[in-house]
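The chain contents come next:
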Amino acid sequence: MSQSNVLFTSNRTASREDLFSRAKDISADLSKRAAQLDRDGRPPLSEIVKLKNAGLLNALHAPEIGGGGLNWVDGLKLTRILARGESSIGQLLGYHFVNSQYVYWAFDEARARVLGSETVAKNLYWGAAVNPRDTGLVLTRRGSGYVLNGRKSFSTAAHVSDYINANASLDGKSVGFAVPTSRSGYMANDDWDNFGQRLSDSGSVEFRDFPVYEEDFVDAPGALPPVLATFNTPLIQLVFVNFYLGTAEGALQAAIDYVRTTTRPWITSGVERAADDPYILERIGEFTAALKASAALADHAAAAVQASLARGHHVTARERGEAAAEAYAAKVHATHVSLDITSRVFELTGARSTAERYRFDRFWRNVRTHTLHDPVFYKAKEIGEFVLNDKIPEVSLYS
């Protein structure tokens, strides 16, 4: 039986080696099924269950409450590994990491401890409905609490989320909160029809008199968040970096496998196997070097953000900004590298590899779709501002 189909019991904390081994096994299984999964484009309910059973959702939580105790460098590597098999699943794991860890930065210590322990004990998947450009949610007071109404046109992990971070307007000011999706009034819609990231479950969500309570709020309306609570942005950008790179690594591996088994040598190549074609060898070498360089940059950026985050409430805005600039440099590089490789692997595989049954175009479609999330040239501009004018990136849900 494939390890990805085994239920891993939670009566002991999984080691780092366990978690990486399970992630690789799940990724390999996803790779075998990726073309059909992409073709179907359904919410990945069973795939999220496999991540839960493998203990991957709790990898970053403290061992004292049953988590894996990994740092962000390792957590982002897990995201990259899963994206090799299926890009959307890598994205979903990374999004969960950021959304579930946000409670430790945004809530007071007592509330964060309760939510963290509940997340691990119940193996909860965390999503979000926080798109700042989509101001469709409104909170109104009702009795001793509040009700949430409105629609978010985009909410990754809409169907698979057990808990979500969300924001809404209350008395004309923005307020953030965290709530379980099991409360009445939450509706996930099946309207994600983009050509990439088809398993990311990124359709719209609606809230109809959805109850919200004082304990759900992460800050007072209009309050300036502490520096620690702003690390979700550089970290989510590093999630992007790593699943872009994982997708490109998956594309290159798929092309290598195809060259070894199927590609025919060109008639004037003078070789009997496509695997001996000097031009194919050159491209594989160039693509490999580019990916290794971008992965090293990504790991360096993750370490920088991890070091600043580890300072806890003592971290300064300057330290956060310097770490964010490292993350954004990795974002710029990974965007260019992943788009280039996922579009050019066909130079290795040839015309027959464009057959629909292979769906090798999914790698490019996935990266192309998500790299439009926020314009990469604005990230390059922020890096330029920092390097040339010593201006750290402004804090927002995009920077």
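Quick caveat, the model's predicted, so the values are computed rather than measured.

About the cut-offs
- Residues numbered from 1 in each chain as written.
- Predicted model: local features only at pLDDT ≥ 70, side-chain atom pairs only at ≥ 80, totals over all residues.
- Heavy atoms only, no water.
- Helix = DSSP H or I, 4+ residues; strand = E, 2+ residues; numbered from the N terminus.
- Buried < 20%, exposed > 50% of the residue type's maximum accessible area, 1.4 Å probe, protein only.
- Salt bridge = Lys/Arg side-chain N within 4 Å of Asp/Glu carboxyl O.
- Core = buried A, V, L, I, M, F, W, Y, C linked by side-chain atoms within 4.5 Å.
- Contact = heavy atoms within 4.5 Å.
- Expected span 1.5 Å × (residues − 1).
- Arc of directions from axis to C-beta.
- Phe/Tyr/Trp six-rings, centres within 6.5 Å; stacked < 30°, edge-to-face > 60°.
- Lys NZ or Arg CZ within 6 Å of the ring centre and 35° of its normal.
- Pairing = 2+ DSSP bridges.
- Axes fitted to C-alpha atoms, helices over the stretch in contact; angles between N-to-C directions.
- Parallel < 35°, antiparallel > 145°, perpendicular 65-115°, else oblique.

Student: Just give me the short version of the side chain of His96, but keep the residues and values in it.
Tutor: Considering the arrangement of structural elements, one finds His96 in helix α4 (residues 87-106). Judged by relative accessible area, His96 falls into the buried class, the value being 0%.

Student: How would you explain the pattern of salt bridges if you had to name every residue and give the values?
Tutor: Following the criterion strictly, the structure yields 34 salt bridges and no others. Lys50 is the partner of Asp29 in a salt bridge, and the nearest nitrogen-oxygen pair spans 3.4 Å. On the criterion of sequence distance, the pair formed by Asp29 in helix α1 (residues 16-40) and Lys50 in helix α2 (residues 45-53) is long-range, its members being 21 residues apart. The two residues Asp29 and Lys50 agree in class, both being buried. Linked through salt bridges whose partners overlap, the residues forming this network are Asp38, Arg39, Glu356, Arg359, Asp361 and Arg365.

Student: Quick one: what's the story with the nonpolar core, residue by residue and with numbers?
Tutor: By size, the foremost hydrophobic cluster in this structure holds 90 residues, and its most contacted members are Leu51, Leu56, Trp72, Leu78 and Leu238. Looking at this core element by element, the count peaks at 17 residues for helix α6 (residues 232-261). Residues contacting Leu78, with those up to four places away along its chain left out, are Leu19, Phe20, Ala23, Leu56, Ala59, Leu70, Leu93 and Phe97. Of all hydrophobic cores here, the second largest spans 19 residues; its members include Tyr146, Ile164, Phe207 and Val212.

Student: Any chance you could break down helix α11 (residues 376-389) for me, citing the residues and the numbers?
Tutor: The first and last C-alpha atoms of α11 sit 19 Å apart over 14 residues, in line with the 20 Å expected at 1.5 Å per residue. Considered for burial, the residues of α11 that qualify are Val376, Lys379, Glu382, Ile383 and Phe386. Down the axis of α11, the smallest arc covering the buried residues is 115°, so these residues share one side. Among the exposed residues of α11, those pointing more than 90 degrees away from its buried face are Phe377, Tyr378 and Leu388.

Student: Requested: an account of the packing of aromatic side chains, with residues and values cited.
Tutor: Taken as a whole and judged by the stated rule, the model has 18 aromatic pairs. Aromatic side chains Trp72 and Trp105 sit 6.4 Å apart centroid to centroid with 40° between the ring planes, which places their arrangement in the tilted category. Note that Trp72 is positioned in helix α3 (residues 72-85) and Trp105 in helix α4, a separation of 33 residues in sequence. When the ring of Phe207 is compared with that of Phe210, the centres are 5.3 Å apart and the planes differ by 85°; the resulting orientation is edge-to-face. As far as burial versus exposure is concerned, Phe207 and Phe210 are alike and both buried. Chaining the aromatic ring pairs together yields one cluster made of Trp72, Phe97, Tyr102 and Trp105. Over the ring of Phe20 we find Arg16; its NZ or CZ atom is 4.5 Å from the centre of that ring. Lys379 extends its terminal NZ or CZ atom over the ring of Tyr328, reaching a point 4.7 Å from the ring centre.

Student: Break down unusual backbone geometry for me, with residues and values.
Tutor: If you check the backbone angles, Asn123 has positive phi at about 55° while not being a glycine. Here Asn123 shows up in the loop between α5 (109-122) and β1 (126-129). According to the relative accessible area criterion, Asn123 is buried, its value standing at 18%. Phi angles above zero are rare outside glycine, and Ala157 is one such case at about 70°. Looking at where Ala157 falls in the secondary structure, it is placed in the loop between β3 (145-152) and β4 (163-170). Owing to a relative accessible area of 1%, Ala157 belongs among the buried residues under this scheme.

Student: Could you give an account of the environment of Val332, with specific residues and numbers?
Tutor: Residue placement: Val332 occurs in helix α8 (residues 317-344). Assessed through its relative accessible area of 15%, Val332 is described here as buried. Taking the C-alpha atoms as reference points, Val332 and Ala23, separated by 309 residues in sequence, lie 26 Å from one another. Beyond its immediate chain neighbours, meaning those up to four positions away, Val332 contacts Val376, Lys379, Ala380 and Ile383.

Student: Residues and numbers for the pairing of β4, please.
Tutor: Buried residues dominate β4, accounting for 7 of its 8 residues. Summarising the sheet, β1 and β4 pair through 4 bridges and their orientation is parallel. Bridge pairing links Gly127 to Ile164 in β4. When β4 meets strand β5 (residues 173-180), the two strands line up antiparallel, connected through 8 bridges. Its bridge partner being in β5, Ile164 is matched across the sheet by Val179.

Student: Could you give an account of the packing of α1 against α2, naming the residues involved and the relevant values?
Tutor: One can describe the packing of α1 onto α2 by two numbers: an axis separation of 13 Å at closest approach and a directional angle of 175°. With respect to each other, α1 and α2 are oriented roughly antiparallel. Together, Ile26, Asp29, Leu30, Arg33 and Leu37 of α1 and Glu47, Lys50 and Leu51 of α2 make up the contact between the two elements.

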